[in-house]
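What the coordinates show
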Amino acid sequence: MQLLYLATKIKDICDVSVIDFRRNKKTKAISEHPFPELDKYYRDGISTPFSMFNKYYRFGADSEEIKKVISDSNPDIVAVSSLFTTYAAEAQEIAAIAKEVNREIITVMGGTHPTVFPEFVLNNPDIDYIIRGEGETPFFRLIHFLQKGREDRIDEIPGVCFKKSDDTKCISSINVEDNIDLIPDRRFLQAENYMIGRKNYTFFLTSRGCPFHCSFCGKPPVPYRRRSIASIEKEVEECINMNIQAIDFEDDMLTYNTTFFSQVLDLLRGKGITLSAMNGIYAETLDEETLNRMYDAGFRRLNFSLVDISSSVISRQKRHLPANFMKLLPYLESSPFLVEIHFIIGLPEQEPEDVIDTLIFLMGKRLLPGPSIFYLAPGSPLFDVYFSEDREKHLKSMRSSCMTEVNPLFLKDTIYTFMQLTRFINFVKHCLDKEPSLKKLSELPALLNTDKEYPDRHIFNTLLLEKRLIHYDMRKKWFADESQDKELISAFFKKAHSAKITGFKTMNSLIVDI
Ligand code: B12
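Only a predicted model underlies this, so the values are computations on that prediction, with no experimental measurement involved.

**Description of the sheet that holds strand β2 (residues 46-47)**
Strand order in the open sheet formed by three strands is β2-β18-β19, and the pairing between neighbours is antiparallel. With partners counted over all chains shown, the strands left at the sheet margins are β2 and β19 (478-481), one partner each. Lying on the sheet, helix α16 (residues 454-466) is in contact with β2, β18 (470-473) and β19; it crosses β18 at an angle near 160 degrees.

**Re the sheet that holds strand β5 (residues 106-110)**
Taken in spatial order, the five strands of this open sheet run β4-β5-β6-β7-β8, and their pairing is mixed. Every other strand in the sheet has two partners, leaving β4 (77-81) and β8 (169-170) as the edge strands with one partner each. By the bridge criterion, five bridges tie β4 to β5 in an arrangement that is parallel. Bridging from a neighbouring strand, V80 pairs with M109 of β5.

**With respect to the site of the ligand**
The environment of the ligand is made up of 34 residues, and the closest members are Q2, S81, E136, G218 and S400. Contact between the ligand and D252: a nitrogen atom at 2.8 Å from a side-chain N or O atom of the residue. Elements with a minimum of two residues in the shell around the ligand: α1 (2-10), β4 and β5. Split by residue class, the shell around the ligand holds 14 nonpolar, 12 polar and eight charged. The two domains that each donate at least three residues to the shell around the ligand are domain 1 (2-25 + 60-170) and domain 2 (186-410).

**With respect to unusual backbone geometry**
Unlike most non-glycine residues, N243 shows phi in positive territory, near 60 degrees. Structurally, N243 can be placed in the loop between α7 (229-241) and β13 (246-249). Accessibility expressed as a relative area gives 43% for N243, which makes it partly exposed. Its identity as a non-glycine residue notwithstanding, K467 has a phi of 55 degrees, on the positive side. Tracing the chain through its elements places K467 in the loop between α16 and β18.

**Side note on the packing of aromatic side chains**
All told, the structure shown has 29 aromatic pairs when counted by the stated rule. Members of the aromatic cluster, joined through ring pairs, are F50, F424, F427, F460, F492 and F493. Here the guanidinium or amino end of R208 rests over the ring plane of Y5, the centre of that ring lying 4.8 Å away. We note K467 situated over the ring of F493; from NZ or CZ to the ring centre the distance is 5.2 Å.

**Structural notes on the pattern of salt bridges**
Opposite charge on two side chains permits them to pair, given that their charged atoms come into close proximity. Overall, the coordinates contain 30 salt bridges when judged by the stated rule. The shortest N-O distance in the salt bridge between R186 and E235 comes to 2.8 Å. You can see R186 sitting in the loop between β8 and β9 (195-196) and its partner E235 sitting in helix α7, a full 49 residues away along the chain. Of the residues examined, R186 reaches a relative accessible area of 6% and is grouped as buried. Given the relative accessible area of 0%, E235 is considered buried. Among the charged side chains, a network of salt bridges with common partners joins E134, E136, R208 and R225.

**Focus: the domain arrangement of the protein**
Each assigned domain of the protein is listed here: domain 1 (2-25 + 60-170) and domain 2 (186-410). When each unit is reduced to the centre of its C-alpha atoms, the spacing between domain 1 and domain 2 is 29 Å. Of the residues lining the interface, 22 residues belong to domain 1; the matching set on domain 2 comes to 24 residues. Summing both sides of the interface, domain 1 and domain 2 together bury roughly 2000 Å²; the carbon and sulfur share of this comes to 57%. Together, R23, T86 and E134 form the three largest contributors to the area buried by domain 1 at its contact with domain 2, with a combined 27%. Taken together, domain 1 and domain 2 are joined by four salt bridges. Two residues, R225 and E134, come together in a salt bridge whose shortest N-O distance is 2.8 Å. Where domain 1 meets domain 2, there are six residue pairs in polar contact (both at pLDDT 80 or more).

Calculation notes
- Residues numbered from 1 in each chain as written.
- Predicted model: local features only at pLDDT ≥ 70, side-chain atom pairs only at ≥ 80, totals over all residues.
- Heavy atoms only, no water.
- Pairing = 2+ DSSP bridges.
- Helix = DSSP H or I, 4+ residues; strand = E, 2+ residues; numbered from the N terminus.
- Contact = heavy atoms within 4.5 Å.
- Axes fitted to C-alpha atoms, helices over the stretch in contact; angles between N-to-C directions.
- Near = heavy atom within 4 Å.
- Polar contact = N/O pair within 3.5 Å; in protein donor to acceptor, adjacent residues only side chain to side chain.
- Nonpolar A, V, L, I, M, F, W, Y, C, P; charged D, E, K, R; others polar.
- Domains from an automatic or database assignment.
- Buried < 20%, exposed > 50% of the residue type's maximum accessible area, 1.4 Å probe, protein only.
- Phe/Tyr/Trp six-rings, centres within 6.5 Å; stacked < 30°, edge-to-face > 60°.
- Lys NZ or Arg CZ within 6 Å of the ring centre and 35° of its normal.
- Salt bridge = Lys/Arg side-chain N within 4 Å of Asp/Glu carboxyl O.
- Buried area = accessible area lost by both parts, 1.4 Å probe.

What follows is the structure, given as structure tokens:
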């Protein structure tokens, strides 16, 4: 998406192509990976109804393919997007390959990672320029000056950073675009690579930035701005002409201004496009009328982020309390929307008890709990407080799937157990949607009564009766313990006793009688 904006901005002053090396490439399991501490959680060849990641994968093209594409196209400039610090090495690999193909190729890097760590990224000899913040105008001006041979003026461009000839660095401030109405030219992408189910889909932005400052968020500090409705209308038309059938809004604050959001929804009503906002919807400005409008415009699934049920946990993260969301919950439960609520596991100053309470609260509502494992987002206020160790080694583990232990009360086994408990609850919710006659949790294993379902039944019974997580090893044809926090499982069931689990798509409920 980011490269699409940049390509659109420069397409009139040079030849440009956009390559998405992640799309439609084979994923490759890697046994030698940088996180040996996770090996005990990668359990290849196992089966469990609460399954999680089983291997470490590399997604996208390998270095040989990348090298071939770069050398075949013989570019003057290779511009790479590096959004995530944890995957910075993968982005830098592309710059290194470009230099290997031809040292004369100019490499430019932008995105959240170089925005947050400009000096650190510029230490890499394979990177010539980086752009901090929003890249359209700085990238355009950089190319313009390079074309005119005016390298001496590049330091005038806000956002552009580089190494000077005396080896010192020119570090610019973060660029904020004056005009965000540029419509990304989607013809740079191959539509068949962007499908959700059978539908052609696209990302879409109606605004940029966020007015809040939650301590765990690593987005660069760019102010909240809205696009003009006229430009959004034109982009919607272009999407329809390209036969786009699903739109995922990636705004940080899609619903912040209800009047504006309603205007956007009016543009989409009756167009037959499925809408989603997987990045999350801010609930505090919503009301039933807007939610009805969202349904009419094509929203069917809503993603909200609750963070935690405890107001003290939430306030400590400098985040708004979800007062309005709580008021809307009964409406949401009875609405036709599928509602997914995200919560965080392992925040600083959070206690396992808080997460248990959140889980028990969410399991009793007609919605799907979505667990997010806390990671220190580079650039976030929490990062500055908690990050002190050897930078290069630890930056790589700033991703959810590493289950990095920032809060000493949340060791990997605890985090992993929370993930499995959430999967267990969601599995029960799906069963309830199919089997409304279920009234007690202890009745559920009997539903799994075929020979094929025997492993699942045994795994279920062991969890309910022995408070222990096991999986079925398909090679050894027997069961083995998961790495887990058994005290946490006991504490969860003790607290959950007599609580309710409600379906995801239905209001069917059962009682936890364990
Ligand atoms: C959409 C999104 C996703 C999507 C899609 C990402 C994608 N590949 O496109 C999904 C859901 C997959 C995702 C996942 C993750 N995300 Co995310 N994601 C975002 C989000 C919400 C919006 C990004 C976006 O599209 N913005 C719109 C575009 C137009 O703006 P932009 O990205 O800032 O791009 C501009 C500039 O950065 C610059 N620019 C960008 N690239 C380039 C390249 C060049 C050459 C130039 C010149 C300029 C340039 O110009 C662009 C246009 O102005 C951001 C939060 C945010 N608001 O930035 C987090 C964010 C980028 N994600 C983050 C993280 C950590 C992750 C995960 C690692 C989380 C995890 N699971 O552990 C995963 C990694 C997934 C993966 N392996 O690919 C962090 C990164 C922090 C950091 N420093 O590491 C952020 C900032 C979230 C946060 N609040 O902390 N993410």
